[in-house]
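What the coordinates show
Residues per chain are reported as follows:
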Number of protein chains: 2
Amino acid sequence: MKKTNRRSLCPISTALEMLGDKWALIILRDMIFRGMETYSEFLKAHEKIATNTLATRLINLEQNGLIEKKDYPGNKVKVLYKLTPMGLDLIPVLFELVLWGDKYFETDKDAESLAENIRSDRDGLIKYLRDKHQ
Amino acid sequence: MKKTNRRSLCPISTALEMLGDKWALIILRDMIFRGMETYSEFLKAHEKIATNTLATRLINLEQNGLIEKKDYPGNKVKVLYKLTPMGLDLIPVLFELVLWGDKYFETDKDAESLAENIRSDRDGLIKYLRDKHQ
């Protein structure tokens, strides 16, 4: 069911509102491509996100339906963050950012090889990433 | 030539840094899909952007090479903002945001028909938009 009650009927404006800011997309990147799923993993990610920024972005992403909390097996304090179908549907958006970034800026070998994989087998890679997150 | 001297070698992180924030992408949307090219047109756009926000985003987009200023024919005070090739290469990013936004949120008829066009003839629409901005 499509959600309503927003300021704008433009899908781009709405998408950007739902995503929040750069940090939300960086968290989604870490989940989708790097398999991160705990608060401490996000915190260790190399851009050095501030703890309060990380905490509020995780809450926003959860409230907007892009990620969900799961129990961490054998640990009642820790939680796992998993992508929802709605969050996984952002893979193509991240793909296009990878291709654009790779075209215009210096990147590392991992990013170059990711861009190459997107160019050569986009659909296969989307399926691979989706399966990994089921 | 690829630009260097950035904090991260991740193309997504770099792309997001270059784009700035939601407003920068809204300005690019207005240019790409709605043909806007003057300060006053952006100001009138329906999300009601604040004048200082608009002015700084235009400066950032210009400094980052996504848009460029051109003389307004017959008017020495007014300037036109045009997309650079680097800015036009963001069309696929905006397409994916349209498709994602259209899938999950209520949109208007224009947005639905844009999403439909992207799904049925993505490459043709990219070419059409590129030609329009030459």
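Since we're looking at a predicted model, the values are computed, not measured.

For the rest of this paragraph, the subject is the overall build of chain A. Check the secondary structure of chain A and you find seven helices and two strands. In chain A, the succession of helices and strands from N to C terminus is α-α-α-α-β-β-α-α-α. The buried share among the 134 residues of chain A stands at 51%. Nonlocal contacts in chain A, meaning residues at least 24 apart in sequence, comprise 48% of its contacts between residues at least 6 apart. Accessible area of chain A: about 7,000 Å², with a carbon and sulfur share of 51%. Put simply, chain A has 22 plus and 20 minus side-chain charges, and the middle of one group is 5 Å from the middle of the other.

Okay, the interface of chain A and chain B next. Interfaces are often described in size by the accessible area the parts lose on coming together. Contact residues are listed per partner, giving 48 residues for chain A and 48 residues for chain B. Taking both sides of the interface into account, the surface hidden between chain A and chain B amounts to around 4,400 Å²; carbon and sulfur atoms contribute 70%. At the junction of chain A and chain B, the tally comes to six salt bridges. Arg122 of chain B is the salt-bridge partner of Glu96 of chain A, the closest N and O atoms lying 3.4 Å from each other. In this structure, the connection of chain A to chain B is made through 12 residue pairs in polar contact (both at pLDDT 80 or more). Where the side of chain A that touches chain B is concerned, the elements lending two or more residues are α1 (11-19), α2 (22-34), α5 (85-88), α6 (91-104) and α7 (109-132) of chain A. Here the side of chain A that touches chain B gets 11 residues from one element, more than from any other, and that element is α6 of chain A. Class assignment for the residues of the side of chain A that touches chain B results in 25 nonpolar, seven polar and 16 charged.

When chain A is fitted to chain B, the residual RMSD is 0.0 Å, and the transformation amounts to a turn of 180° plus an axial shift of 0.0 Å. With respect to symmetry, the two chain copies, as superposed, fit the operation of a two-fold axis. Measuring from the rotation axis to each C-alpha of chain A, the shortest distance belongs to Val93 of chain A, at 2.9 Å. Interface residue correspondence from chain A to chain B reaches 100%, placing this contact among same-surface, isologous pairings.

Our focus in this paragraph is the pairing of strand β2 (residues 75-83) of chain B. Residue and element names in this part refer to chain B. Pairing of strand β1 (residues 67-72) with β2 involves six bridges; the strand directions are antiparallel. When the bridges of β2 are listed, Lys69 appears paired with Tyr81. Between β1 and β2, which follow one another and run antiparallel, lie two residues, and Gly74 among them has a positive phi close to 75°.

What follows deals with the environment of Ala115 of chain A. Mapped onto the elements of the fold, Ala115 of chain A is located in helix α7. Contacts of Ala115 of chain A, omitting those with residues within four sequence positions, involve Val98, Leu99 and Asp102 of chain A.

Residue and element names in this part refer to chain A. This model, assessed by the stated rule, comprises eight aromatic pairs over all chains. A centroid spacing of 6.2 Å and a plane angle of 50° characterise the contact between Phe42 and Tyr81, whose relative ring orientation is tilted. With Phe42 in helix α3 (residues 39-44) and Tyr81 in strand β2 (residues 75-83), this pair connects stretches of sequence that are 39 residues apart. Where Trp100 meets Tyr104, the ring centres are 5.9 Å apart and the plane angle is 55°; that geometry is what we call tilted. One end of the pair, Trp100, and the other, Tyr104, are both in helix α6, four residues apart, so they sit about a helical turn from each other. Exposure remark for Tyr104: the relative accessible area of 16% places this residue in the buried category. One aromatic cluster is present, formed by Trp100, Tyr104 and Phe105 through successive ring pairs. Positioned above the aromatic ring of Trp23, the side-chain terminus of Lys22 is 5.6 Å from the ring centre.

Across chain A, the average pLDDT comes to 90, with 93% of residues at or above 70. At the level of chain-chain contacts, confidence expressed as ipTM amounts to 0.91, with global pTM at 0.91.

Counted by the stated rule, this structure contains 28 salt bridges over all chains. A salt bridge links Asp21 of chain A to Arg57 of chain A, with the nearest nitrogen and oxygen atoms 2.7 Å apart. With a gap of 36 residues between them, Asp21 of chain A in the loop between α1 and α2 and Arg57 of chain A in helix α4 (residues 51-63) connect regions that are remote in the sequence. For Arg119 of chain B, the salt bridge goes to Glu116 of chain B, with nearest N and O atoms at 3.6 Å. One end of the pair is Arg119 of chain B and the other is Glu116 of chain B, both in helix α7 (residues 109-132) and three residues apart, which spans about a single turn.

Right, let's get into a negative patch on the surface. A cluster of acidic residues, Glu106, Asp108, Asp110 and Glu112 of chain A, forms a negative patch at the surface. Here Asp108 of chain A shows up in the loop between α6 and α7.

Rules used in this analysis
Residues numbered from 1 in each chain as written. Chains lettered and ligands numbered in written order. Predicted model: local features only at pLDDT ≥ 70, side-chain atom pairs only at ≥ 80, totals over all residues. Heavy atoms only, no water. Helix = DSSP H or I, 4+ residues; strand = E, 2+ residues; numbered from the N terminus. Buried < 20%, exposed > 50% of the residue type's maximum accessible area, 1.4 Å probe, protein only. Contact = heavy atoms within 4.5 Å. Areas by Shrake-Rupley, 256 points an atom, 1.4 Å probe, with all protein chains shown as cover. Lys, Arg positive; Asp, Glu negative; His and termini not counted. Charge placed at Lys NZ, Arg CZ, Asp CG, Glu CD. Buried area = accessible area lost by both parts, 1.4 Å probe. Salt bridge = Lys/Arg side-chain N within 4 Å of Asp/Glu carboxyl O. Polar contact = N/O pair within 3.5 Å; in protein donor to acceptor, adjacent residues only side chain to side chain. Nonpolar A, V, L, I, M, F, W, Y, C, P; charged D, E, K, R; others polar. Least-squares fit on C-alpha atoms with pLDDT ≥ 70 in both. Pairing = 2+ DSSP bridges. Phe/Tyr/Trp six-rings, centres within 6.5 Å; stacked < 30°, edge-to-face > 60°. Lys NZ or Arg CZ within 6 Å of the ring centre and 35° of its normal. pLDDT = per-residue confidence, 0-100. Patch = residues over 30% accessible without salt bridge, like charges linked within 9 Å, V, L, I, M, F, W, Y side chains within 5 Å.

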